[in-house]
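Given next are the chains, with one letter for each unit.
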Amino acid sequence: MARGSDGSGARPWTRWQDWGALLLGVYLILATLWTVTGPAALTAMILLGALLAVSGVWSLAMPGSVASEYAHVVLGILLVLSPWMFGYAGSGGAAWTSWVVGVLAVVVGVAALPEASSAHRSRTARQH
């Protein structure tokens, strides 16, 4: 793998997991257009989708940021729990969309952690 401009092995804007998080966030926002939602589901899906998309851009721009990968995982867990927390677990499409996107967000976050951790360690080792 080519080295990034900061000397680490991770290059910005290249990791598939981070593109996945960005696309999942955008999909979640857009899904409110074709999924029947109530006010709580609409708010949760748009807010968590936007945060997931932003964390995807953060990870893409800073591939050594371990915190951004943990953000994907936390947002994914919140998405899985949101149908119960916001009372739309009975709304089939909205609930299933939140559950599936949430699980996939956890998967991409966990999948990116080893590479992000490695890039972070190499960057901090050079600073000392």
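Asks: Explain the nonpolar core to me, using residue names and the numbers behind them.
Replies: With 16 residues, the main nonpolar core has Leu 24, Met 45, Leu 52, Leu 79, Tyr 88 and Val 101 as its most contacted residues. Those elements giving two or more residues to this core turn out to be helix H1 (16-31), helix H2 (39-61), helix H3 (66-85) and helix H4 (92-127). Top contributing element to this core by residue count: H2, with five residues. Look past the residues within four positions of Met 45 in its chain and what remains in contact with it is Leu 28, Ile 29, Ala 31, Thr 32, Thr 37, Tyr 88, Ala 94, Thr 97 and Ser 98.

Asks: Run through unusual backbone geometry, naming residues and quoting values.
Replies: Despite not being glycine, Trp 13 has its phi angle at roughly 65°, a positive value. Tracing the backbone through its elements, the reader meets Trp 13 in the segment before H1.

Asks: Give a description of the packing of aromatic side chains that names residues and reports values.
Replies: Summed over the entire model, instances satisfying the criterion amount to four aromatic pairs. Taking the centre distance of 6.3 Å and the plane angle of 50° together, the rings of Trp 13 and Trp 19 count as tilted.

Asks: How would you sum up the side chain of Ser 55? Please name residues and give values.
Replies: Of note, Ser 55 is situated in helix H2. Here Leu 52 takes part through its backbone oxygen, which lies 2.9 Å from a polar atom of the side chain of Ser 55.

Asks: I'd like to hear about a nonpolar patch on the surface, residue by residue, with values.
Replies: A contiguous nonpolar surface patch, about 680 Å² in accessible area, is contributed by Val 74, Ile 77, Leu 78, Leu 81, Trp 84, Met 85 and Phe 86. Considering the arrangement of structural elements, one finds Met 85 in helix H3.

Asks: Could you give an account of the packing of H1 against H2, with specific residues and numbers?
Replies: Running from N to C, H1 and H2 cross one another at 160°; their axes reach a closest spacing of 7 Å. Put simply, H1 runs roughly antiparallel to H2. By crossing handedness, the relation of H1 to H2 is classed as left-handed. The segment H1 lies against H2, with Asp 18, Trp 19, Ala 21, Leu 22, Leu 24, Gly 25, Val 26, Leu 28, Ile 29 and Ala 31 engaging Met 45, Ile 46, Leu 48, Gly 49, Ala 50, Leu 52, Ala 53, Gly 56, Val 57, Ser 59 and Leu 60. Grouping the constituent residues of the contact of H1 with H2 by class yields 16 nonpolar, four polar and one charged.

Criteria and cut-off values
- Here, residues in each chain are numbered from 1, in the same order as that chain's written sequence.
- It should be noted that, the model being predicted, local features are given only for residues of pLDDT at least 70 and side-chain atom pairs only at 80 or more, the latter also being counted only at that level, while totals for whole chains, interfaces and linings use all residues.
- Heavy atoms from the whole structure form the basis of all side-chain values; hydrogens and water molecules are not counted.
- Definition used in this section: a nonpolar core is a set of buried Ala, Val, Leu, Ile, Met, Phe, Trp, Tyr and Cys residues joined via side-chain atoms within 4.5 Å.
- When a residue's accessible area, from a 1.4 Å probe over protein chains only, is under 20% of the maximum for its type it is buried; when over 50% it is exposed; and in between it is partly exposed.
- Starting at the N terminus, helices and strands are each numbered in turn, a helix being any DSSP run of H or I of at least four residues and a strand any DSSP run of E of at least two.
- In this analysis, two residues are considered to be in contact whenever any of their non-hydrogen atoms come within 4.5 Å of each other.
- Within 6.5 Å between ring centres, the rings of Phe, Tyr and Trp (the latter by its six-membered ring) count as paired, and their orientation is classed by plane angle as stacked under 30 degrees, edge-to-face over 60, tilted in between.
- Polar contacts, as counted here, are pairs of nitrogen or oxygen atoms within 3.5 Å of one another; within protein the pair requires one atom able to donate a hydrogen and one able to accept it, and residues that are adjacent in sequence qualify only if both atoms are side-chain atoms.
- Candidates for patches are residues over 30% relative accessible area with no salt bridge; among them, like charges are joined within 9 Å and nonpolar side chains (Val, Leu, Ile, Met, Phe, Trp, Tyr) within 5 Å.
- The Shrake-Rupley method, run with a 1.4 Å probe sphere, supplies the accessible areas, and residue values consider only the shown protein chains as cover.
- Salt bridge, as applied in this entry: a Lys or Arg side-chain nitrogen positioned within 4 Å of an Asp or Glu carboxyl oxygen.
- Fitted lines through C-alpha atoms give the axes, limited to the stretch in contact for helices. The angle between two N-to-C directions lies from 0 to 180 degrees.
- Angular relationships are summarised with four words: roughly parallel below 35 degrees, roughly antiparallel beyond 145, roughly perpendicular across 65 to 115, and oblique for the angles in between.
- Here is the rule for handedness: rotate from the far helix to the near one, and if that takes an anticlockwise turn smaller than a right angle the crossing is left-handed, while a clockwise turn gives right-handed.
- Residue classes follow a fixed rule: Ala, Val, Leu, Ile, Met, Phe, Trp, Tyr, Cys and Pro count as nonpolar, while Asp, Glu, Lys and Arg count as charged, and any other residue, Gly among them, counts as polar.

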